[in-house]
Amino acid sequence: QYSPESVAGADGEIDPTEITLPGCSCGSSSCAGPECPCLRRGQNYSGAGLRLAELQEQRFSRPVFECGSLCQCGEGCQNRLVQRGLQLRLQVFRTPRKGWGVRALEPVPRGRFVCEYAGEVLGFAEARRRIQAQTPQDPNYIIAVREHLHDGRVMETFVDPTHIGNVGRFLNHSCEPNLFMVPVRVDSMVPKLALFAAVDISAGEELSYDYSGRFHNAPATGREHKPLEEENSLRKPCYCGSRTCASFLPWDSSLFSTP
């Protein structure tokens, strides 16, 4: 079932559409600078994307909060981007070795928002149950995003587009990707998993991101678990073809472990 944005999962534990964040009272057509509480919370946009130079200069990423439903600014506010959804012409196509893939039918400049990775938002228990029910032959679309807060806490978001999702579910992994994922919050603390162009992308080029989250992150923030020898049978081979290919798709054993 196609859904342009994430929905509450079958466990009903998390509703990503619930409005829990307060809005700004800017009252202008487009919010600006430190006067807007939404913009003060974190990273700001530049045109149709992120300011990548700022991201690379910082040791840690700043969060992204868009103006939302309770904000008094206009629909054309520069701080409303991911919530507008897909604006590019993308095509799902059959790749030689990786099954389905996605390519852009137009050039995509560096920093531009491409699409959301949408699906059912699950709690940890349901995500683990679904993962453990899979066989090695089953495709796995469940993504676990961990955000490391300055005070040591870790916020986890699990999204499964297996049955309900959007074009993002067809994006392949690459060890040298041209997209990277950023959690973007609009009306609630449940983030939208937004994919942005890491480089200038040509029309017709396949789009990919690093499933492990290593890309655009400091090495210490990666929480990918080193697999045990007996777990290698569950790992899927990587066919990205990059110079630095790790031979296997990224692996995180935390959802396979028993409580």
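Residues numbered from 1 in each chain as written. Predicted model: local features only at pLDDT ≥ 70, side-chain atom pairs only at ≥ 80, totals over all residues. Heavy atoms only, no water.

A. Focus on the nonpolar core. Counting residues in each nonpolar core, the largest one holds 21 residues, and the members touching the most others are Leu90, Val114, Leu171, Leu179 and Leu207. Secondary structure elements with two or more residues in this core: strand 6 (100-104), strand 7 (113-116), strand 9 (143-148), strand 13 (192-197) and strand 14 (206-209). With three residues, the top contributor of residues to this core is strand 13. If we skip the residues at most four places from it in the chain, leucine 207 touches Leu90, Val102, Arg103, Ala104, Val114, Leu171, Asn172, Asn178, Leu179 and Ile201. (Core = buried A, V, L, I, M, F, W, Y, C linked by side-chain atoms within 4.5 Å. Buried < 20%, exposed > 50% of the residue type's maximum accessible area, 1.4 Å probe, protein only. Helix = DSSP H or I, 4+ residues; strand = E, 2+ residues; numbered from the N terminus. Contact = heavy atoms within 4.5 Å.)

B. Structural detail: the packing of aromatic side chains. Tallying each qualifying case throughout the model produces five aromatic pairs. Judged by centre distance (6.3 Å) and plane angle (65 degrees), the rings of tyrosine 117 and tyrosine 209 are edge-to-face. Of this pair, tyrosine 117 sits in the loop between strand 7 and strand 8 (120-122) while tyrosine 209 sits in strand 14, and the two are 92 residues apart along the sequence. On the basis of relative accessibility, which here comes to 4%, the residue tyrosine 209 falls in the buried class. Here tyrosine 209 and tyrosine 211 contribute two aromatic rings whose centre-to-centre distance is 5.0 Å and whose plane-to-plane angle is 55 degrees, an arrangement assigned as tilted. What makes tyrosine 211 partly exposed here is its relative accessible area of 30%. Among the aromatic residues, those joined into a ring-pair cluster are Phe113, Phe180 and Phe196. For the cation-ring pair, arginine 103 lies above phenylalanine 93, with the distance from its terminal atom to the ring centre recorded as 4.1 Å. (Phe/Tyr/Trp six-rings, centres within 6.5 Å; stacked < 30°, edge-to-face > 60°. Lys NZ or Arg CZ within 6 Å of the ring centre and 35° of its normal.)

C. Main features of the sheet that holds strand 11 (residues 172-173). Pairing is mixed in the open sheet, where four strands are placed in the order 5-6-14-11. Each having just a single partner strand, strand 5 (90-94) and strand 11 make up the two edges of the open sheet. By the bridge criterion, two bridges tie strand 11 to strand 14 in an arrangement that is parallel. Among the inter-strand pairings, asparagine 172 is bridged to a residue of strand 14, identified as serine 208. (Pairing = 2+ DSSP bridges.)

D. Seen up close, the sheet that holds strand 7. With respect to topology, four strands assemble into an open sheet ordered 4-12-13-7, the strand pairing being mixed. Both outer strands of the open sheet, strand 4 (64-65) and strand 7, are each paired with one neighbouring strand and no more. Direction of pairing for strand 7 relative to strand 13: antiparallel, over a ladder of three bridges. From the neighbouring strand, phenylalanine 113 faces strand 13, where its bridge partner is phenylalanine 196.

E. Region of interest: helix 3 (residues 124-133). For helix 3, the complete set of buried residues consists of Glu126, Ala127, Arg128, Arg130 and Ile131. In this structure, the buried side of helix 3 is in contact with strand 8 and strand 10 (154-160).

F. The arrangement of empty space enclosed by the protein in detail. Taken as a whole, this structure holds one cavity of 30 Å³ or more when the rule is applied. Quantified by volume, the largest cavity comes out at close to 40 Å³. In this structure, the largest cavity is lined by Leu21, Pro22, Gly23, Cys38, Arg41, Glu66, Gly68, Ser69, Leu70, Cys71, Val186 and Asp187. Looking at side-chain class alone, the lining of the largest cavity contains six nonpolar, three polar and three charged residues. (1 Å grid on protein atoms, 1.4 Å probe; cavity = no way out; pocket = protein on both sides within 12 Å on 5 of 7 lines; lining within 4 Å. Points joined across faces, edges and corners; volume = space filled by probe spheres on them. Nonpolar A, V, L, I, M, F, W, Y, C, P; charged D, E, K, R; others polar.)

G. Representation of the layout of surface pockets. Of the volumes computed, that of the second largest pocket is approximately 340 Å³. Taken together, 18 residues form the lining of the second largest pocket, with Glu5, Pro16, Val186, Asp187 and Lys192 sitting closest to its centre. Tallied by class, the residues present in the lining of the second largest pocket amount to six nonpolar, six polar and six charged.

H. Quick peek at the pairing of strand 6. The pairing of strand 5 with strand 6 spans five bridges and is classified as antiparallel. What sits directly across from glutamine 91, in strand 6, is arginine 103. Bridge count between strand 6 and strand 14: two bridges; the pairing is antiparallel. What sits directly across from valine 102, in strand 14, is leucine 207.

I. Geometry of the state of the cysteines. Within the structure shown, the criterion is met by zero disulfides. Cysteine 26 takes part in no disulfide bond, and the closest cysteine sulfur, belonging to cysteine 31, lies 3.6 Å away. Given the relative accessible area of 29%, cysteine 26 is considered partly exposed. The closest cysteine sulfur to the non-disulfide-bonded cysteine 67 is located on cysteine 31, 3.7 Å from its own sulfur. (Disulfide = S-S within 2.5 Å.)

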